[in-house]
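# Report on the structure
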Amino acid sequence: MNWDQVEGNWKQAKGRIQQQWGKLTNDDVDTIKGKRIELVGKLQARYGYARERAEEEVEKFCTTCDSASS
C-alpha cells in the first residue's frame, strides 16, 4: 500500500496507526489528517526518532498494511 492509499482510507488507517504507535494520541492522529509528513513529525516528537528513522517506520508501516490487506 502506498501513502496515497493510506491517505484515501484515512478513517481505517487511523486505527492501524494508533495500534502501531501507541504513544500517538487521538489529537495527534486527528492533526495528521492523512499527511505523511505530519506523521513523520509526530513520530519524531513522541518517540524521539531521527527524521530518517521516522521515514523508515512510515515506509515499513505502508508495507505492513499492504501485506495485511492481501
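Definitions and limits used
- Residues numbered from 1 in each chain as written.
- Predicted model: local features only at pLDDT ≥ 70, side-chain atom pairs only at ≥ 80, totals over all residues.
- Heavy atoms only, no water.
- Core = buried A, V, L, I, M, F, W, Y, C linked by side-chain atoms within 4.5 Å.
- Buried < 20%, exposed > 50% of the residue type's maximum accessible area, 1.4 Å probe, protein only.
- Helix = DSSP H or I, 4+ residues; strand = E, 2+ residues; numbered from the N terminus.
- Contact = heavy atoms within 4.5 Å.
- Polar contact = N/O pair within 3.5 Å; in protein donor to acceptor, adjacent residues only side chain to side chain.

### Some remarks on the nonpolar core
Core analysis: the biggest nonpolar cluster contains 18 residues, and W3, W10, I17, W21, L24, L39 and L43 have the highest contact counts within it. Elements supplying a minimum of two residues to this core: α1 (3-8), α2 (10-20), α3 (26-32), α4 (36-47) and α5 (51-69). Residues within four places of I17 in sequence aside, it is in contact with W3, W10, L24, V29, L39 and F61.

### So, the environment of I17
On the secondary structure map, I17 appears in helix α2. Separated by 44 residues in the primary sequence, I17 and F61 have C-alpha atoms spaced 8.2 Å apart.

### Remarks on unusual backbone geometry
Although it is not a glycine, K33 sits at a positive phi angle of roughly 50 degrees. The topology assignment puts K33 in the loop between α3 and α4. Residue K33 is classed as exposed on the basis of its relative accessible area, which comes to 55%.

### A closer look at the environment of Y47
Along the polypeptide, Y47 turns up in helix α4. Here the alpha-carbon distance between Y47 and W21, two residues 26 residues apart in the chain, equals 8.9 Å. Dropping the residues within four chain positions of it, Y47 is found in contact with W21, G22 and K23. A polar atom in the side chain of Y47 sits 3.1 Å from the backbone nitrogen of K23.

### Some words on the side chain of D28
Looking at the secondary structure, you find D28 in helix α3. Residue D28 is classed as buried on the basis of its relative accessible area of 4%. Look past the residues within four positions of D28 in its chain and what remains in contact with it is K23, K42 and R46.

What is shown is where atoms sit, not what they do.
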